[in-house]
Amino acid sequence: MSEYRIASIPGDGIGVDVTVEARKVLDAAAARHGFSLRWTEFDWSCERYTQTGSMMPDDGVAQLAAFDGILLGAVGFPGVPDHISLWGLLIPLRRAFQQYVNLRPVRLLPGTTSVLSGRTAEELEMVIVRENSEGEYSAIGGRHNSGRPDEFVLQESVFTRVGVERIIRYAFELARTRTSRVTSATKSNGLIHSMPFWDEIFAEVAAKYPDVESGQMHVDALAARMVQAPDRLDVVVGSNLFGDILSDLAAAVTGGLGMAPSGNINPSGEFPSMFEAVHGSAPDIAGQGIANPVAQILAGAMLLEHLGETVAAQAIRTSVDEVLTAGAELTPDLGGTATTTRLGTAVAEALR
Ligand code: NAI
Ligand code: MG
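From a predicted model like this one, the values you see are computed outputs, not experimental measurements.

### So, the site of ligand 1
At step 1: Around ligand 1, 21 residues are found, and the nearest of them are Val75, Asp82, Gly280, Ala282 and Asp284.
At step 2: In the environment of ligand 1, an oxygen atom lies 2.8 Å from a nitrogen or oxygen atom belonging to the side chain of Asp284.
At step 3: Its free accessible area being 810 Å², ligand 1 has 71% of it covered by the protein chains.
At step 4: The residue makeup of the shell around ligand 1, split by class, is 11 nonpolar, six polar and four charged.

### Description of unusual backbone geometry
Most of the time, phi is negative for any residue but glycine, and the peptide bond is trans.
At step 1: Positioned with a positive phi, Gln98 is a non-glycine residue whose angle comes to about 45°.
At step 2: Following the sequence through the fold, Gln98 ends up in the loop between helix H4 (82-96) and strand E4 (101-107).
At step 3: If you check the backbone angles, Asn145 has positive phi at about 55° while not being a glycine.
At step 4: Structurally, the position occupied by Asn145 is in the loop between strand E6 (141-144) and strand E7 (152-155).

### Notes on the packing of helix H10 (residues 310-326) against helix H11 (residues 340-351)
At step 1: For the pair H10 and H11, the least separation of the axes is 9 Å and the interaxial angle reads 120°. Our classification of the angle between H10 and H11 gives oblique. Handedness of the H10/H11 crossing: right-handed. Here Ala315, Ile316, Ser319, Val320, Glu322 and Val323 of H10 lie close against H11, whose contacting residues are Leu343, Ala346, Val347, Ala350 and Leu351.
At step 2: Its residues placed into classes, the contact of H10 with H11 shows nine nonpolar, one polar and one charged.

### Looking at the side chain of Arg94
At step 1: Among the structural elements, Arg94 can be located in helix H4.
At step 2: Non-local contacts of Arg94, meaning those with residues more than four positions away in its chain, are made with Gln99, Asn102, Arg104, Arg130, Asn132, Asn264, Met274 and Glu276.

### Brief notes about the packing of aromatic side chains
At step 1: The full count for this structure, using the stated rule, is seven aromatic pairs.
At step 2: Their ring planes at 85° and their centres at 6.4 Å tell us that Phe159 and Trp198 sit as a pair that is edge-to-face. Here Phe159, found in the loop between E7 and helix H5 (161-176), pairs with Trp198, found in helix H6 (residues 194-207); they are 39 residues apart in sequence, far enough to count as distant.
At step 3: With a relative accessible area of 16%, Phe159 lands in the buried category.
At step 4: On the basis of relative accessibility, which here comes to 0%, the residue Trp198 falls in the buried class.

### Notes on the pairing of strand E9 (residues 213-218)
At step 1: One ladder, built from six bridges, connects strand E8 (residues 181-186) with E9; its direction is parallel. Looking across to E9, one finds that Val182 is bridged to Ser214.
At step 2: A crossover links E8 with its parallel partner E9, the connecting element being H6, and its sense is right-handed.

### A closer look at the UniProt feature "domain: Isopropylmalate dehydrogenase-like" (unreviewed entry) in the protein chain
At step 1: Following the UniProt record, one finds the feature "domain: Isopropylmalate dehydrogenase-like" (unreviewed entry) at residues 5-347.
At step 2: Helix makes up 41% of residues 5-347 and strand makes up 20%, while its end C-alpha atoms are separated by 23 Å.

### Some details on the environment of Thr50
At step 1: Here Thr50 shows up in helix H2 (residues 46-52).
At step 2: Of note is the side chain of Thr50, whose polar atom sits 2.8 Å from the backbone oxygen of Cys46.

### Observations regarding the nonpolar core
At step 1: Counting 81 residues, the largest nonpolar core has Val129, Ile168, Leu304 and Ile316 as the members making the most contacts within it.
At step 2: The residue makeup of this core includes at least three contributed by each of domain 1 (1-100 + 258-352) and domain 2 (125-253).
At step 3: Excluding anything up to four places from it in sequence, Ile168 contacts Trp198, Ile201, Phe202, Val205 and Val237.
At step 4: In this structure, Ile9, Phe42, Val75 and Phe97 belong to the second largest nonpolar core, which totals 18 residues.

### What to know about the sheet that holds strand E10 (residues 235-238)
At step 1: Read across the open sheet, the 10 strands follow the order E2-E1-E3-E12-E11-E4-E5-E10-E8-E9; overall the sheet is mixed. This sheet does not close on itself; its edge strands, each paired only once, are strand E2 (35-41) and E9. This sheet shows a mean twist of 25° between the axes of neighbouring strands, independent of strand direction.
At step 2: The sheet contact formed by E4 and strand E11 (residues 261-265) spans three bridges and is antiparallel. If you follow Leu103 over to E11, its bridge partner there is Gly263.
At step 3: The strands touched by H6 within the sheet are E8, E9 and E10, with E8 carrying the most contacts at an inclination of about 165°.
At step 4: In this fold helix H7 (residues 219-228) packs onto strand E5 (125-131), E8, E9 and E10, with an angle of close to 110° to the strand it touches most, E9.

Analysis parameters
Residues numbered from 1 in each chain as written. Chains lettered and ligands numbered in written order. Predicted model: local features only at pLDDT ≥ 70, side-chain atom pairs only at ≥ 80, totals over all residues. Heavy atoms only, no water. Near = heavy atom within 4 Å. Polar contact = N/O pair within 3.5 Å; in protein donor to acceptor, adjacent residues only side chain to side chain. Areas by Shrake-Rupley, 256 points an atom, 1.4 Å probe, with all protein chains shown as cover. Nonpolar A, V, L, I, M, F, W, Y, C, P; charged D, E, K, R; others polar. Helix = DSSP H or I, 4+ residues; strand = E, 2+ residues; numbered from the N terminus. Axes fitted to C-alpha atoms, helices over the stretch in contact; angles between N-to-C directions. Parallel < 35°, antiparallel > 145°, perpendicular 65-115°, else oblique. Left-handed = near helix turned anticlockwise from the far one by under 90°. Contact = heavy atoms within 4.5 Å. Phe/Tyr/Trp six-rings, centres within 6.5 Å; stacked < 30°, edge-to-face > 60°. Buried < 20%, exposed > 50% of the residue type's maximum accessible area, 1.4 Å probe, protein only. Pairing = 2+ DSSP bridges. Right-handed = clockwise from strand over helix to strand, strands pointing away. UniProt positions renumbered as here; feature names shortened; annotations may be inferred. Core = buried A, V, L, I, M, F, W, Y, C linked by side-chain atoms within 4.5 Å. Domains from an automatic or database assignment.

Have a look at this one:
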């Protein structure tokens, strides 16, 4: 029987609640499908920062390196500035483990009220491939002339040929396993250095995949298309910032942030990959036991898929669909009155 070693970092706010439910569902899937998960939990969080002055220990990366996968809740909470929590935990892990692909599948789930309701899951199914290691999220820059009338800041972007090419190639490879269409998010009319470079590399890579249909759109128009004609999109590839924004939008049109999973993937397999919900720690509802655990459960399904447990991953998605269609155990964001625990337990029970 295969056993996988999984690191769990519940983090902050509702990250803790939804991770408990995802573990419950993953353990049920493992029991049902003949493998086991050996969990190790890490308390790395804003709470730890408040007590010790750091989000994770100095050797945090080394502690995680030997795991088969990482399940992450959410990082960030009022009281600790977001740039400290993000750069103290999430971003160092993504970079140290070369998780240069941020994969965000989007599917209209049953039982949800979307601005696009009336459409079916088949019509609205896409995946966002977000560059996850460079681009606009860079530490290069600075604040100058602080407090003076001529105060200014510089925030640089970093786009490397290696970084841009590998994420675009990943998108084309992924498209070959799907409907074979890639759309690139650009903004070469406004960002006159980085985006023309991105577009040029996109064209070079596209030429090597003549079997895959490809095109590019300015990110603002692409955002509108995502709402008005999402059936014309399949694989969408974008820079770190564009991919971040587009995936929250995609989540919103398919029933909300509580439903959208994501994977930080190291395609070479040299380092562990890390799976998390798209949403954050939701301080406005933290501690109330009402967060929707579906996004984190589906992130867990992506983790199993990554480990090669494809059947178990599909079984989890089917169970989620069943529970949402039945409609008896929906959390408040879905119009119901169920708690996080009741929805999670319903999915785990549907698996057995
Ligand atoms: P958020 O995603 O935490 O919340 C946005 C809104 O969506 C809130 O109204 C929240 O109640 C709702 N929401 C989110 N997830 C939900 C769920 N599972 N069920 C029901 N409702 C849900 O984003 P926000 O408020 O911008 O950020 C809060 C904190 O989380 C910040 O510190 C931020 O830095 C952090 N964050 C962390 C992320 C990560 O760990 N990858 C990603 C995004 C934000
Ligand atoms: Mg985001």
